[in-house]
Amino acid sequence: MELFTQLFGDLLAFVYHCFDRIVIYGYLSGLARPEQVVHFFRNVVGVAVVDKEVLSRRTADYQAWVEAFARNHRLPIEWAEKGVRKEDHVLRWQRRMVRDDAYGVYFIFKSMEQGPSFRVSVPKYATKDPNYRILARQRSRFTHYYFYLRDETLGPMVMRVASFFPFQTTYYLNGHSFIEQELKRAQIGFRKTDNAFLAVDDVAALQAAADKLSPAIIRHRLDYWTLVLGPKFSTKERRQLNLSRFYAIAQIEYCRNFIFKRNFPIHKLFERSCELGLWRLTGDKIAEIFGTRLNRRMRGKLATVIDRIEHGHHVFRAYFKNAFLKQYEKFAAFLRNELVSNNLADFRLKKGLDHLDAVRQRFQTITDRFAGFQAQWLNVHVDFPLLQRLALPITIGAVRYPGIKVHDPRVIRLLEVLLHSGSHVGGWTAKQIHHAVLTTFDLSDRAYRLNQLRYDLRKLKGHGLLQRDGSRYAYRLTPKGVQVGLLFLFFHKRLCGPLANSRFHHRPDPQHQPASKLEAAYHRADKAIQQIVDLLAA
């Protein structure tokens with residue numbers, strides 16, 4: 001990553017890395033196994049026979065509590081519709097919470113989904129205990145509740161609760177939301193769009209807030225919301241079973257964001273990264289980035305692809321087992337490298353929430369390697385279609401400006417006069433520029449009329465090469481205009497012209513070249529061009 005910043009530091013505004021999306025499972029440590037459930041109902045609750053009706057009664061009690069909770073707090077509770085994205089549907093309620101600076105639950109979804117549960121069956125052969133029943137794990141389809149809430153520490157998050165034993169909970173967090181809450185508390189100004197920070201007053205404070213996200217903070221908030229919204233157990237039941245939640249990471253995304261000062265380099269860098277990644281990122285290179293070696297026992301994917309997701313932008317992916325590295329550009333404002341894992345065992349990491357810091361360190365190292373490889377690939381000359389862009393007409397508001405043909409003698413003469421005539425405090429009027437062009441190139445007024453000059457000035461101004469002095473009709477070249485003028489005027493006359501003549505008309509004999517440094521440079525350029533042609537032909 002340091003190499004990336006070193007090579008492209010003049011284009012970057014700032015860089016930060018953080019956790020993006022985190023999905024956490026919450027398991028009831030005292031009711032995870034069938035024998036624990038039997039012990040709970042028989043010895044704690046006092047039920048003689050643990051059958052389906054007993055389990056269903058706890059489900060019905062919790063579902064009734066959720067309905068009463070929604071009714072008492074005047075919360076919308078709806079069944080999730082097929083084809084409707086939940087996050088988009090609840091957006092207006094979330095915005096209302098942000099506008100009112102309120103925290104808590106603002107929407108509840110109900111959904112029929114597959115989840116872990118227990119199956120109760122009567123033993124095939126009679127036992128000494130007539131109340132004995134067989135409990136076995138299974139996956140079945142039943143009601144799940146999605147609580148959309150806004151937390152004062154973690155920001156917007158989602159808590160999914162299964163309504164059947166063992167009441168497994170799932171939490172969906174976003175690291176950018178946590179950072180946003182931290183920056184607001186510190187009263188640090190920032191500009192955030194979706195899940196990315198595009199501007200911030202203190203970059204160091206932004207990274208410090210990202211690094212502050214710890215297992216202790218997450219566990220404290222998850223315990224609170226689980227107690228408030230989760231299945232209910234009496235004080236006696238909690239004390240005798242020592243009920244607690246074990247939190248495990250199910251999915252995690254760690255991203256490194258490159259925020260650019262200007263928009264135009266982003267797509268070019270990403271486009272070049274995709275081209276080189278498909279050809280250069282072989283299996284050995286992917287394994288090197290992920291810090292492992294290839295062997296025949298490795299299972300899972302090992303490939304590079306380019307996908308186009310529903311948001312409309314392309315995504316470059318490098319797959320490794322059950323994880324993948326992806327890169328994409330978004331909002332024409334930032335470039336993101338993101339490592340996604342659905343199974344931390346691929347990295348020899350434990351999935352418990354207490355190991356979040358180890359995950360952060362390992363994922364930082366991998367994204368560092370990926371950024372370093374890309375920096376080496378991108379540190380080459382890349383085509384920039386400046387001529388093509390200037391030649392195309394552009395529309396600004398309701399005004400359409402024609403394209404600029406830089407090989408047009410009128411444009412070349414005008415740029416040369418504007419560059420060589422020196423700077424003027426108030427700019428040059430059209431008549432002064434017209435007189436300078438006629439005098440410099442010994443032209444008659446009929447050969448280059450004042451109206452033609454005004455037409456050329458209008459084109460240069462529309463393309464951002466020329467600017468007016470306030471409201472006066474006086475003109476001067478913009479910084480972009482000075483660079484374009486130098487590039488195409490001097491290169492056209494001093495470099496492109498002589499080299500084109502040597503390539504297509506007559507190439508001077510290098511053995512009898514004059515003792516001129518400029519002529520020697522032309523011969524070296526000729527030789528270099530021929531070498532490039534030979535390489536391309538090969």
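Now for a quick tour of the structure. (Residues numbered from 1 in each chain as written. Predicted model: local features only at pLDDT ≥ 70, side-chain atom pairs only at ≥ 80, totals over all residues. Heavy atoms only, no water.)

1. Section: the overall build of the protein chain
Put simply, the rule is: Each helix is a run of DSSP H or I of at least 4 residues and each strand a run of E of at least 2, with the numbering of both proceeding from the N terminus. As defined in this context, the radius of gyration uses C-alpha atoms, and a globule is described by 2.2 Å times the residue total to the power 0.38. Under the scheme applied here, a residue whose accessible area is under 20% of the maximum for its type counts as buried, over 50% as exposed, and between as partly exposed, the area being computed with a 1.4 Å probe on protein chains only. Two residues form a contact once any of their heavy atoms are found within 4.5 Å. Only the protein chains shown count as cover for residues, and the accessible areas themselves come from Shrake-Rupley with a 1.4 Å probe. As used throughout, the charge tally considers Lys and Arg to be positive and Asp and Glu to be negative, leaving His and the chain termini uncounted. Taken as the charge location is NZ of Lys, CZ of Arg, CG of Asp or CD of Glu.
A tally of helices and strands in the protein chain yields 18 helices and 18 strands. What you see for the protein chain is a C-alpha radius of gyration of 34 Å, clearly larger than the 24 Å of a compact globule of 538 residues, by over 25%. Principal axes of the C-alpha set define a box for the protein chain whose edges measure 115 × 60 × 40 Å. When each of the 538 residues of the protein chain is scored for burial, the buried share is 45%. Residue pairs at least 24 apart in sequence account for 65% of intrachain contacts in the protein chain once pairs closer than 6 positions are excluded. Entry remark: accessible area of the protein chain is about 29600 Å², with carbon and sulfur atoms responsible for 52%. One way to put it: in the protein chain the 84 positive side-chain charges average out to a point 2 Å from where the 50 negative ones average out.

2. Here's the deal with unusual backbone geometry
The omega torsion across phenylalanine 165 and proline 166 is 15°, close enough to zero to call that bond cis. Summarising the element assignment, proline 166 is placed in the loop between strand S5 (155-162) and strand S6 (169-174). Backbone geometry at aspartate 101 places phi at a positive 50°, although glycine is not the residue there. Note on placement: aspartate 101 falls in the loop between helix H5 (91-99) and strand S3 (104-121). Aspartate 101 sits in the exposed class, given a relative accessible area of 53%.

3. A word on a nonpolar patch on the surface
Convention followed: Like-charged residues are merged into a patch within 9 Å and nonpolar side chains (Val, Leu, Ile, Met, Phe, Trp, Tyr) within 5 Å, provided each residue has over 30% relative accessible area and no salt bridge. A side-chain nitrogen of Lys or Arg and a carboxyl oxygen of Asp or Glu constitute a salt bridge if their distance falls within 4 Å.
Together, Val482, Leu486, Leu487, Phe490, Phe491 and Leu495 make up an exposed nonpolar region whose accessible area comes to about 430 Å². Within the secondary structure, leucine 495 sits in helix H17 (residues 479-504).

4. A word on the sheet that holds strand S17 (residues 466-468)
Applied cut-off: In this description, strands pair whenever DSSP reports at least two bridges between them.
The strand order across the open sheet formed by three strands is S16-S18-S17, and the pairing between neighbours is antiparallel. The outermost strands of the open sheet, each flanked by one partner alone, are strand S16 (428-429) and S17. Pairing geometry for S17 and strand S18 (residues 474-477), over three bridges, is antiparallel. Considered in S18, the bridge of glutamine 467 is made with arginine 476.

5. Brief notes about the environment of leucine 278
By the element assignment, leucine 278 lies in helix H10 (residues 264-280). Here leucine 278 falls in the partly exposed class, since its relative accessible area comes to 40%. In this structure the C-alpha to C-alpha distance between leucine 278 and arginine 317, which are 39 residues apart in sequence, comes to 9.5 Å.

6. Focus: the state of the cysteines
Rules: Any two cysteine sulfur atoms within 2.5 Å of one another count as a disulfide.
Under the definition given, this model contains zero disulfides. Note on cysteine 274: no disulfide assigned, nearest cysteine sulfur contributed by cysteine 255 at a separation of 18 Å.

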